[in-house]
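Examining the three-dimensional arrangement
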Amino acid sequence: MRNRMPSYQPWCHGNITRSKAEDLLSKAARDGSFLIRDSESIQGAYALCVLYQNCVYTYRILPNEDKKLSVQASEGVPIRFFCMLPELVEAYYSPNMGLVTHLQYPVQREEEIDEEPESNNLPPQLPPRNFPANDVKDSEPKSSEQACKSLSDTYLMRLQQMDLSIIPEEHQMAIQEYFRISVCLDAEQVQNGYPNLPGLKKLTMTICKNLNSEISRILPALEVFHRALDQQLSPGIGYFPRQMSADSGQCISFRLEQLTKLLYSIEDKAKSSVFESIGYEGGHRKSLIPLVTFEVKQESLGISTKMFLKVDVENGKLYFKKSKDGPEDKYFVHNKILKLVKSQKMPTKLAIAVETEKEKILRKEFGFDNTKKREGFCQLLQQMKNKHSEKPEPDMITVFVGTWNMGNAAPPHNINSWFQCKGLGKTSDDTADHIPHDFYVIGSQEDPLGEREWADTVKNVLRNITNISFKQVAIHTLWNIRIVVLAKPEHENRISHIFSDSVKTGIANTLGNKGAVGVSFMFNGTSFGFVNSHLTSGSEKKLRRNQNYTNILRFLNLGDKKLNPFDITHRFTHLFWLGDLNYRVEFPSTEAEYIVTKIKQQQYQELLSKDQLSMERNDGKVFLHFDEEEITFPPTYRFERDTREKYAYTKAKATGTKYNLPSWCDRVLWKSYPLVHVVCQAYGCTNDIMTSDHSPLFASFEVGVASQFVSKQDPNSAPQGGIQIMNCVATLLTKSKTKFFIEYHSSCLEVTVKTSEGDNMEHSDGSIKVWFGNQVELTPIISDPEYLLDQHILICVKSTDSDESYGEGCVALRAAQSSYTEFQITLTHHGEKTGTLTGGIQLRTSEGKPTEKLYDFIKVEKDDTVTSKGKGCDANNYMGVSFQRGTVTDKGWSYSMPPKNLPIAGQVNKESKKSGYDVGTRSPTGKSLNPIGEGDVVSEMFDNPLYGSMGRAHGWGKDQDHQQKDHLTPDPTFTTTKPPDGDPDRPPVPTPRNRSYTCSETRPQPPTPATLLPPAHKKPVVPSRSEGGMVHNRPPLPSKSRPGVPEPQAPKPRDYRDNSELPSKHRPPARPGQPQPHRDMHPEVPKMGRSVK
């Protein structure tokens, strides 16, 4: 079908985005301007975009069964069919064809600046392939007979130069016979379409005759031994097929591989049996973590006492000792260790809450030598809790993510430091060396090895470090760009729906020397995506790199195919993006020595302020709503090979000196759904792997996962769950003339749900405000809160005429755990901000108490504000971490509870009736922290005209009546489960540890609910033929002016890297009585280049 869109036509724009098409038409600024692009919603279809009166009208061009094309125009206009697009365009130059106006001015396609070849003036390296040994540069064609003779002569000549005395005579003769005759016969077989190389197989069988017979002799014994160890298999059924030991004609390399796998499997099973026989709990690991002792100081009545904490992960015990070699009679078992509480003010201080034999709770405080030791202790204790947990499935795992541009050089023999997160930056302590991750994701660029060679190399390294034979989940290669995903063997049955794909972004987007490879899979009920990319090089090619990112985001085909409207940034619970992104430090080349001096002084902040990736992210051009851990390591590029002491930032060329300033080219970023547990435990680079001009980069993460849930409740007696979403208002940055509806997607829903058509209100700044007044109730497949609170609703705002997305976002159901909650999310499409959506959400779940998550074992306590009662909510404190006002990270979402005096249904918790809660002061598991007191700043909100209680804001005009009319009150029959009550015998629950998400300070303020007549229900929208945006189809504008929901305000961006101060040095928070600045009644919506001047 694509050949119907010839590239030489001026109006032909291929697969440009909808927003780009709007930009081009806005610049044309003439009625009747038009272009044709690919449809974003239907494969093989097109979109005709026409400009009329400063608005863009979009019509779908669809092929029928005979591949003839027709335009979906206004009702009542006869449909015409065309064989080719040029014929169609020519016909619609005529008026009265059903379009808003006839076609007049084709908009020219912008010339895309293609990537130039690499700076060394060499052509891009071709993908690895096997060349014949006689491959010469002669361009004269040779006959097959000549080629075979040349091949034979070449190998025989090589053989004559070798010392053959070390091999048996019969093997010498067999090899010579193969090179003299059989290699030519094999070549002929290949030419005839039979690539099995029978001559080579015969040779290997001859050489390996004794080995093969020995394998045949010993393999039956090993298989019997393996079956005896494997208790899960039925008697008499072996893991490997019985014919393997009998069929000596199989490929010897295959048999050796099977033998090796069998030996590893026997070793794992034997260890497991031995461990169980001597009392070790099976756990979910096969490797042993050695005993580790920490020297600490215990403060008591102002007196510091030396103590020793000995951690036995395998037996689940923590010993408290007064001397290193003292008695071990005082210890606590894993289930008696209740909480670890990190001090934020003192980074070496840790409190341990334990339960004594008399069921009393003791809180012991210790000081470690340094922060890294404290983190190592916490990781070991977390590993102990995970290992001995009674949960059938894990709710948290750890993921190692590494990226390395290998510089087309083989790796050194020892690369252990990379996988142990050792080197520079935020690194792991030695005590955590033997803690294996659940997943290892390794991205490489300019990788000279074959897939199998590299995968085996990594597996061997991990086996040496962890004593575990990791399973390969996936491997995918695009030329020299590769991604490998390995997992612990016990996770094999938890992994499903594995996909991999690649996108080329090299010269003209057709060469794979630059581009990306990706892998996605499900781990129980949690989706993971990993992207390894190698973007365009060169300091001056920042915009080309941005385009590379957009192309990868649009065309990398991973994840659930049912989520077609969503790109990869919305398809996964956790998405990790790694690679040589090639963004540079934007300094003039004359500052090279100054940069090197700053690096030697470890003064990175000034250099990072000129980091291109950070600047582009701050401007919202790439990696919107992604996170990156703070960079505390030196630039990973461009080193002189075989040393890490010198940066080779110059290269002599015929045209002059080429500069490659030291830069942080290699990066790891991530994006997770709202209110999902993610903690980056390490982020740095090695300093002992020096074969490339790049240093390997590592990052490790602790992430929350959801299990494949099986409800314990009787499905026949359990009440039906429900999810109510209401009062949705979208502000879209578009010039399109169309109607909109919302689609709700989620794995917890049986079907995708569509709303009725919204009501539009156009604004002079080029945006459109759309009200979706009707309340929508979604029915989840399971109503158990243990399941439902881990789920998310994906939201997509679509047009009725083209069924194309105008923005996507995500809402966490955990935000509405206690009561009706209002949300604001940033809508994005193809990585670009396209608007905002505000609304309210309320849950109805069955009775049940969600269990505590394993990751809630470790908390972070803000020493100066957290008290035993949890009072004192701090507007500048989120999850126990303070931040300066005005530097809030734009996460793309925020949640807020209604003010405390509003009659919101479903608030069954008495305390929640007295005070309002912000989800920003709760852990992801919904445990309420820091309730707002009676005298806090919340009461001042009711004097704000945004709430419609004290006054009327000027200038709202017609918008207000529309909002007030459609605003719905939460259903009083919608009740939620009671939040889990704290155990009165346990110590106070401090704020959770530093999560990777923040809440926006500029939350949408909730309106006053009013009891109103429900609006007339509209039929769900089924995308159909466009109505052409005719005037008679536009809704009447409201005329009255009443208070209502304010327009959503874009949160202020926050960049942690610009702040070199420690958290304890942040400016003090605003006092509760301090008045807040008034918000503008007309917050300005950022323009996206669609307004027509």
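Preceding this section is the structure that the text describes.
Throughout what follows, the structure given in this document is the object of discussion. (Residues numbered from 1 in each chain as written. Predicted model: local features only at pLDDT ≥ 70, side-chain atom pairs only at ≥ 80, totals over all residues. Heavy atoms only, no water.)

A separate point is the overall build of the protein chain. Each helix and strand in the protein chain was counted, giving 19 helices and 40 strands. Within the span of the protein chain, comprising 1093 residues, buried residues form 56% of the whole. The long-range fraction of contacts in the protein chain, counting pairs at least 24 apart against all pairs at least 6 apart in sequence, stands at 71%. (Helix = DSSP H or I, 4+ residues; strand = E, 2+ residues; numbered from the N terminus. Buried < 20%, exposed > 50% of the residue type's maximum accessible area, 1.4 Å probe, protein only. Contact = heavy atoms within 4.5 Å.)

Applying the stated criterion across every chain yields a total of 39 salt bridges. Between Glu861 and Arg363 there is a salt bridge; the shortest N-O distance is 3.0 Å. One end of the pair, Glu861, is in strand β37 (residues 858-861); the other, Arg363, is in strand β12 (residues 361-367), with 498 residues separating them in the sequence. Here Glu861 falls in the buried class, since its relative accessible area comes to 16%. Given a relative accessible area of 37%, Arg363 falls into the partly exposed group. (Salt bridge = Lys/Arg side-chain N within 4 Å of Asp/Glu carboxyl O.)

This brings us to the packing of aromatic side chains. The full count for this structure, using the stated rule, is 36 aromatic pairs. Residues Trp418 and Phe419 carry aromatic rings whose centres are separated by 4.9 Å and whose planes lie at 45 degrees to one another, so their mutual orientation is tilted. Of the two residues, Trp418 and Phe419, neither departs from the other in class, the shared state being buried. Chaining the aromatic ring pairs together yields one cluster made of Phe439, Phe521, Phe523, Phe528, Phe530, Phe576, Trp670 and Phe701. The side chain of Lys310 reaches across the aromatic face of Tyr319, ending 5.8 Å from its centre. In this arrangement the basic side chain of Lys561 is found over the ring face of Phe499, its NZ or CZ atom lying 3.7 Å from the centre. (Phe/Tyr/Trp six-rings, centres within 6.5 Å; stacked < 30°, edge-to-face > 60°. Lys NZ or Arg CZ within 6 Å of the ring centre and 35° of its normal.)

This part covers the side chain of Thr398. Mapped onto the secondary structure, Thr398 falls in strand β13 (residues 396-405). What makes Thr398 buried here is its relative accessible area of 14%. Setting aside residues up to four positions removed in sequence, Thr398 forms contacts with Pro436, His437, Asp438, Phe439, Gln681, Phe701 and Glu702.

To continue, consider the sheet that holds strand β2 (residues 46-52). In spatial order, the strands read β4-β3-β2-β1-β5; together these 5 strands make up an open sheet with mixed pairing. Across the chains shown, the open sheet's two edge strands, defined by having one partner strand only, are β4 (69-71) and β5 (105-106). Helix α1 (residues 18-28) rests against β1 (33-38), β2 and β3 (55-63) of the sheet, and its axis sits at about 165 degrees to β1. (Pairing = 2+ DSSP bridges. Axes fitted to C-alpha atoms, helices over the stretch in contact; angles between N-to-C directions.)

This brings us to the sheet that holds strand β18 (residues 495-504). Strand order across the open sheet formed by 5 strands is β18-β19-β20-β21-β24, with mixed pairing between neighbours. At either margin of the open sheet sits one strand with a lone partner, and together these are β18 and β24 (666-672). Across the sheet, the mean angle from the axis of one strand to that of its neighbour is 10 degrees, orientation sign disregarded.

Turning our attention to helix α6 (residues 209-229). Given a rise of 1.5 Å per residue, 21 residues ought to cover 30 Å, and the 30 Å separating the end C-alpha atoms of α6 matches this to within 8%. Where α6 bends most, at Ile218, the angle is about 30 degrees, and the proline Pro220 comes one to four residues later. Taken together, the buried positions of α6 are occupied by Asn212, Ile215, Leu219, Leu222, Glu223, His226 and Leu229. (Expected span 1.5 Å × (residues − 1). Bend = angle between axes of the 7 residues up to and from the residue.)

Right, let's get into α1. α1 sits mainly inside the fold: 8 of its 11 residues count as buried. Restricting attention to buried positions, one finds in α1 the residues Arg18, Ser19, Ala21, Glu22, Asp23, Leu24, Leu25 and Ser26. Check the buried side of α1 and you find it contacts β1, β2, β3, β34 (805-812), β35 (821-829) and β36 (832-844).

Next up on the list: the pairing of strand β8 (residues 317-321). Burial of β8 is extensive: 4 of the 5 residues sit out of reach of the surface. For strand β7 (residues 303-312) and β8, the ladder comprises 5 bridges, and the chain directions are antiparallel. Looking at the pairing, Leu309 lines up with Phe320 of β8. In sequence, β7 turns back onto β8 through a hairpin of 4 residues, with Gly316 there showing a positive phi of about 70 degrees. Here 3 bridges tie β8 to strand β9 (residues 331-333), and the two strands are oriented antiparallel to one another. Bridging across to β9, Lys317 finds its partner in Val333.

Here we come to the nonpolar core. In this structure, Val399, Phe439, Phe521, Phe528, Phe530 and Phe701 are the most contacted members of the largest nonpolar core, which totals 49 residues. Dropping the residues within four chain positions of it, Val399 is found in contact with His437, Phe439, Val441, Phe528, Phe530, Ala699, Ser700, Phe701 and Val703. In terms of nonpolar packing, the next biggest core, distinct from the first, is built from 37 residues, Cys728, Ala730, Ile793 and Ile841 among them. (Core = buried A, V, L, I, M, F, W, Y, C linked by side-chain atoms within 4.5 Å.)

Take the state of the cysteines next. Tallied over the full model, the rule gives 0 disulfides. In this structure Cys421 is a free cysteine whose sulfur lies 8.9 Å from that of Cys680, the closest cysteine sulfur available. (Disulfide = S-S within 2.5 Å.)

Before going further, it helps to spend a moment on the environment of Gly367. Looking at the secondary structure, you find Gly367 in strand β12. Gly367 gets classed as partly exposed once you look at its relative accessible area, which sits at 21%. Between the C-alpha atoms of Gly367 and Leu350, which are 17 residues apart in sequence, the distance is 6.4 Å. Setting aside residues up to four positions removed in sequence, Gly367 forms contacts with Val296, Lys297 and Thr348.

To continue, consider unusual backbone geometry. With omega at 10 degrees, the peptide bond leading from Tyr637 into Arg638 counts as cis. Along the chain, the position of Arg638 falls in the loop between α16 (612-618) and β22 (650-653). Its identity is not glycine, yet Asn582 carries a phi of approximately 70 degrees, on the positive side. For Asn582, a relative accessible area of 3% puts it in the buried group.

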